[in-house]
Amino acid sequence: MRSSLLVPLSSALLILAAGCGGSDEKGSSSQGNTDPADSWVEPAPATDTNPDPTIVEVDLEAREAEKSFLEGKTTAVLAYNGTVPGPLIEANVGDTLIVHFKNSLPEETTIHWHGIRLPNNMDGAPAVQQPIAAGDTFTYQFTLRDAGFYWFHPHVMEEEQIRKGLFGVIRVRGQDEPQADDEKIVVLNDVLLKEDGSFDDEVDDDLIMLGREGNVLLVNGRTMPTLELEPGALTRLRIVNVANGRFFNLALPGHTFRVIGTDGGLIPKPYDAERLLVAPGERYDVLLIGQGEPGEEIVLTNEAYARGHDTGEAAPMPLATVRIGAGPALSGRTLPDSGPAIERLPGGAADTTITFDERFFQGELKFLVDGNAYPDVPPINVENGSTHVFDLKNDAEMDHPFHLHGFFFQVLARDGVAVADDALANKDTLILPQLSTTTVVARFDEPGDWMYHCHILEHAERGMMGEIVVSP
Ligand code: C2O
Ligand code: CU
Ligand code: CU
């Protein structure tokens, strides 16, 4: 029974949201009108104004806007080019991206290009860019060095600006893209809404501890959209989690996710996953083979995941309806067993240990790096061109998704046990499981001041952030 998935989380709103968006298909069709809330809608591509095929030049404006997450209700959001999610930027590897940005918000902002290797002064982090004042403009320009799926978002007041709608995605295609019959973008998010549809801005210790989790789950800004999968056909999903605090743990009954890529692009050794865990900031590139009878409907769910502090007991939550199409079946394409090679960075003993923890500190919940709260975290200095091994030690009783700006890193070991050779991947965001140590290696080949932080934004803004300074 599909409705058995609709076990209340803590709020009736979640049920309301899921119900209006089409998880109750009979209910919505009996209203007699075609409900566009059910349809699958992707972020609209930003217009490339430059005729040169190797230059992608787009206009981007951050401004206040309105969006309807719940049927018949509007939410005052912050949006890039008026939409949530913001526009899709499409490019090929090697292209130059030029973004003419206008800040029409009533407050300052910046744009950070999450996962993209770029010059330090284009990174949008407060350590390297004076915030763009209300009404001001700024031009971002850099080369897209790596094929993959990236996203962009503010890096001032990000806890608030991102959850209110400021995020967009970038798809950079490479020369060796895997064959698929269809490709979809999946932006995972949640919003915490009051009954009148407005954002609930409440802050309490629970919301801070786990990061803000919403009561309405969204895929591409919609509740319960319907994804069509053709039987036997290969569908590629580019997935990103833009939520402040929620981890998504995806499951689709009768289907297996073939993971072909992650944050930094395709991986050499694809693998299968029954559940796909996506932490805030992470991306996964997966292939699915549609399985089932034409017309059959299956629910893509977010399964419970124990990330600490008594999480893990929640019932599965519906995210999207998957409808098996009428065919034509079997494109003849098969799941790839291998992907492009990635240069393996050298391992070795840790050069630096970074310890993450959380504690009450003078009556306030603080998230700490080596016992300090940013900006009181001493920067780590590394030589330009060097590779550097880190032990990332999570002393907290919850998982923290670690994110590094400007560089990819590779996982070498978990709690001292080397990871399998075929698990090679370029990551920029990685779950550090509670009470464990993860060893990673990065090569620093771009000088400047680069941030690292927990991508639970409530934690980043309460101290769990630091800087790596790469010498000129
Ligand atoms: Cu996506 Cu510093 O962040
Ligand atoms: Cu980033
Ligand atoms: Cu955290």
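Calculation notes
Residues numbered from 1 in each chain as written. Chains lettered and ligands numbered in written order. Predicted model: local features only at pLDDT ≥ 70, side-chain atom pairs only at ≥ 80, totals over all residues. Heavy atoms only, no water. Helix = DSSP H or I, 4+ residues; strand = E, 2+ residues; numbered from the N terminus. Rg over C-alpha atoms; globule rule 2.2 N^0.38 Å. Buried < 20%, exposed > 50% of the residue type's maximum accessible area, 1.4 Å probe, protein only. Contact = heavy atoms within 4.5 Å. Areas by Shrake-Rupley, 256 points an atom, 1.4 Å probe, with all protein chains shown as cover. Lys, Arg positive; Asp, Glu negative; His and termini not counted. Charge placed at Lys NZ, Arg CZ, Asp CG, Glu CD. Pairing = 2+ DSSP bridges. Axes fitted to C-alpha atoms, helices over the stretch in contact; angles between N-to-C directions. Donors = N, O, S within 2.8 Å, 3.2 Å for Na, K, Ca; no water. Salt bridge = Lys/Arg side-chain N within 4 Å of Asp/Glu carboxyl O. Core = buried A, V, L, I, M, F, W, Y, C linked by side-chain atoms within 4.5 Å. Phe/Tyr/Trp six-rings, centres within 6.5 Å; stacked < 30°, edge-to-face > 60°.

(A) Molecular detail of the overall build of the protein. Broken down by element type, the protein carries 5 helices and 30 strands. Taken over the C-alpha trace, the protein has a radius of gyration of 21 Å; the compact-globule value for 472 residues is 23 Å, and the two agree within 12%. Buried positions account for 56% of the 472 residues belonging to the protein. Of the contacts formed within the protein by residues at least 6 apart in sequence, a portion of 76% connects residues at least 24 apart. Just so you have it, the protein exposes about 18300 Å², and 50% of that area is on carbon and sulfur atoms. In the protein, which carries 34 positive and 74 negative side-chain charges, the distance between the mean positions of the two groups comes to 3 Å.

(B) Structural detail: the pairing of strand E4 (residues 96-103). When you tally the buried positions in E4, you get 6 out of 8 residues, the bulk of the element. Direction of pairing for strand E1 (residues 55-67) relative to E4: parallel, over a ladder of 8 bridges. Directly across from Ala62, in E4, lies its bridge partner Asn103. The sheet contact formed by E4 and strand E6 (residues 137-143) spans 7 bridges and is antiparallel. Pairing of Ile98 across the sheet is with Gln141, part of E6.

(C) Broad picture of the sheet that holds strand E7 (residues 148-153). As summarised here, the arrangement of the 4 strands in space is E3-E8-E7-E5, forming an open sheet in which the pairing is mixed. Strand pairing shows two members of the sheet lacking a second neighbour, strand E3 (88-92) and strand E5 (112-114), which therefore form its edges. For this sheet, the mean angle separating the axes of adjacent strands, direction not counted, is 25 degrees. Here E5 runs beside E7; their pairing, made up of 3 bridges, is antiparallel. If you follow Trp113 over to E7, its bridge partner there is Phe152.

(D) Looking closely at the coordination of the copper ion (ligand 3). Of the protein atoms, only His400 (ND1), Cys454 (SG) and His459 (ND1) coordinate the copper ion (ligand 3), at distances of 1.9 to 2.1 Å. Along the chain, the residues that donate to the copper ion (ligand 3) are spaced as H-x53-C-x4-H. Taken as a pair, His400 in strand E24 (residues 400-404) and His459 in helix H5 (residues 457-460) lie far apart in primary sequence, 59 residues in all. Summarising the burial analysis for this pair, His400 and His459 share the class buried.

(E) Structural context of the pattern of salt bridges. If you walk through the whole model with that rule in mind, you get 33 salt bridges. Of the charged contacts in the structure, one is a salt bridge between Arg117 and Asp445, with a shortest N-O distance of 3.9 Å. Within this pair, whereas Arg117 is found in the loop between E5 and E6, its partner Asp445 is found in the loop between strand E28 (436-444) and strand E29 (448-454), the two being separated by 328 residues in sequence. You can call Asp445 partly exposed: its relative accessible area is 29%. Note that Asp181 and Arg333 form a salt bridge whose closest N and O atoms lie 2.6 Å from each other. With Asp181 in the loop between strand E8 (168-173) and strand E9 (182-191) and Arg333 in the loop between strand E19 (317-324) and strand E20 (352-361), this residue pair connects regions lying 152 residues apart in the sequence. Taking relative accessible area as the criterion, Asp181 reaches 31% and is therefore assigned partly exposed. Among the charged side chains, a network of salt bridges with common partners joins Glu90, Arg171, Arg173, Glu177, Glu183, Arg236, Arg238 and Asp285.

(F) Representation of the sheet that holds E9 in the model. Taken together, the 6 strands give an open sheet; going across it, the order is E10-E9-E12-E17-E14-E15, and neighbouring strands pair in mixed fashion. Edge positions in the sheet fall to strand E10 (216-219) and strand E15 (265-273), since each of these pairs with one other strand and no more. For this sheet the average axis-to-axis angle between neighbouring strands, irrespective of direction, equals 25 degrees. Strand direction decides the pairing type here: strand E12 (residues 234-241) and strand E17 (residues 283-289), joined by 7 bridges, are antiparallel. Bridge pairing in E17 places Thr235 opposite Leu288.

(G) Structural view of the coordination of the copper ion (ligand 2). For the copper ion (ligand 2), the protein coordination sphere consists of His112 (NE2) and His403 (NE2), at 1.8 to 1.9 Å. Of the two residues, His112 sits in strand E5 while His403 sits in strand E24, which places them 291 residues apart along the sequence. Take His112: its relative accessible area is 1%, and that puts it in the buried class.

(H) Broad picture of the environment of Gly339. With respect to the helices, strands and loops of the structure, Gly339 is situated in the loop between E19 and E20. The exposure class of Gly339 is partly exposed, given its relative accessible area of 29%. A C-alpha to C-alpha distance of 6.0 Å links Gly339 and Lys269, two positions 70 residues apart in sequence.

(I) Broad picture of the nonpolar core. Grouped together as the largest cluster of nonpolar side chains are 62 residues, with contacts concentrated most on Ile89, Trp113 and Tyr452. Counting residues per element, this core draws most heavily on E1, at 4 residues. In this structure Trp113 touches Ile89, Leu97, Val99, Leu118, Met122, Asp123, Tyr140, Phe142, Trp151, Phe152 and Ile170, once residues within four positions along its chain are discounted. Core analysis: the next-biggest nonpolar cluster, separate from the first, contains 30 residues, Val219, Tyr284, Val322 and Ile324 among them.

(J) Inspection of the packing of aromatic side chains at higher detail. A full pass over the atoms with the stated rule returns 15 aromatic pairs. Aromatic side chains Tyr80 and Phe101 sit 6.4 Å apart centroid to centroid with 70 degrees between the ring planes, which places their arrangement in the edge-to-face category. Taken together, the residues span a long stretch of sequence, with Tyr80 in strand E2 (residues 75-80) and Phe101 in strand E4 at a distance of 21 residues. The residues Tyr80 and Phe101 share a single accessibility class, namely buried. An aromatic cluster is defined as three or more aromatic residues linked by ring pairs; in this entry it consists of Tyr80, Phe101, Trp113, Phe138, Tyr140, Phe142 and Phe152.

(K) Region of the structure containing the pairing of strand E13 (residues 248-251). Of the two faces of E13, both are covered, the one formed by Phe248 and Leu250 as well as the one formed by Asn249 and Ala251. The pairing of E13 with strand E18 (residues 297-302) spans 2 bridges and is classified as antiparallel. Residue pairing in the sheet places Leu250 in a bridge with Asn302 of E18.

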